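Chains, contacts and geometry: an overview
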Amino acid sequence: FSKIPPFTRIIIGLMLAVYIGLMFADDNTRYQIFYIFGFVPAYFSGAVSHFPHIAWAGLLTHMFIHAGGMHIAFNVVTA
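Here goes a summary of the coordinates provided. (Residues numbered from 1 in each chain as written. Predicted model: local features only at pLDDT ≥ 70, side-chain atom pairs only at ≥ 80, totals over all residues. Heavy atoms only, no water.)

**Focus: the side chain of Arg 30**
Heads up, the condition is: In this text, helices come from DSSP runs of H or I with a minimum length of four residues, and strands from runs of E with a minimum of two, each type numbered from the N-terminal end. Polar contacts, as counted here, are pairs of nitrogen or oxygen atoms within 3.5 Å of one another; within protein the pair requires one atom able to donate a hydrogen and one able to accept it, and residues that are adjacent in sequence qualify only if both atoms are side-chain atoms. Any two residues having at least one pair of non-hydrogen atoms within 4.5 Å are treated as being in contact.
Relative to the helices and strands, Arg 30 resides in helix H2 (residues 27-37). Polar side-chain contacts of Arg 30 include one of 3.0 Å to the backbone oxygen of Leu 22. The residues touching Arg 30, leaving out its near neighbours within four places in the chain, are Leu 22, Met 23 and Ala 25.

What follows is the structure, encoded as structure tokens:
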């Protein structure tokens, strides 16, 4: 653990914190978070008639949202 750079430890901690937080959220809240903070290509391609300004945040925040335990485990191992 001591050989992992501090920045990488921070990113891994943030990913785990978001994942644990989403585990305790109800389905409606979880889907709203996915659409707000996830990367939705339709927002940028013009396929959706309205462009929420918060969609720009999704370019950075999408990396902290994971679909399941295996998904986050593989991302932590490869980080």
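**With respect to the packing of aromatic side chains**
Heads up, the rule is: Any two of the Phe, Tyr and Trp rings considered here, Trp counted by its six-membered ring, make a pair once their centres fall within 6.5 Å; the pair's planes then place it as stacked at under 30 degrees, edge-to-face at over 60, or tilted in between. The rule is simple: take the accessible area with a 1.4 Å probe, protein chains only, and divide by the maximum for that residue type; under 20% is buried, over 50% is exposed, in between is partly exposed.
If you walk through the whole model with that rule in mind, you get three aromatic pairs. Consider the rings of Tyr 31 and Phe 34, whose centres lie 6.2 Å apart with planes at 65°: the pair is edge-to-face. In this pair, Tyr 31 and Phe 34 are both assigned in helix H2, three residues apart and thus about one turn of the helix distant. What makes Tyr 31 partly exposed here is its relative accessible area of 47%. With centroids separated by 5.3 Å and ring planes inclined at 70°, the aromatic side chains of Phe 44 and Trp 56 adopt a geometry described as edge-to-face. Here Trp 56 lies in the loop between helix H3 (41-45) and helix H4 (58-61) and Phe 44 lies in helix H3, a separation of twelve residues in the sequence.

**Observations regarding the environment of Val 18**
Note on placement: Val 18 falls in helix H1 (residues 6-23). Accessibility expressed as a relative area gives 30% for Val 18, which makes it partly exposed. Residues Val 18 and Met 70 lie 52 residues apart in sequence; the distance between their C-alpha atoms is 15 Å.

**Quick look at the packing of H1 against helix H5 (residues 69-78)**
Short version of the rule: Every angle, taken between N-to-C directions, lies between 0 and 180 degrees, and every axis is a line fitted to C-alpha atoms, over only the stretch in contact when it is a helix. Angle categories are assigned with fixed cut-offs, so that under 35 degrees is roughly parallel, over 145 is roughly antiparallel, 65 to 115 is roughly perpendicular, and the rest are oblique. Polar here means any residue other than Ala, Val, Leu, Ile, Met, Phe, Trp, Tyr, Cys and Pro, which are nonpolar, and Asp, Glu, Lys and Arg, which are charged; Gly is therefore polar.
At a closest axis distance of 11 Å, the pairing of H1 and H5 adopts a crossing angle of 175°. Overall, the two elements H1 and H5 adopt an arrangement that is roughly antiparallel. Of the residues in H5, those in contact with Ile 12, Met 15, Leu 16 and Tyr 19 of H1 are Gly 69, Ile 72, Asn 75 and Val 76. Partitioning the contact of H1 with H5 into residue classes produces six nonpolar, two polar and no charged.

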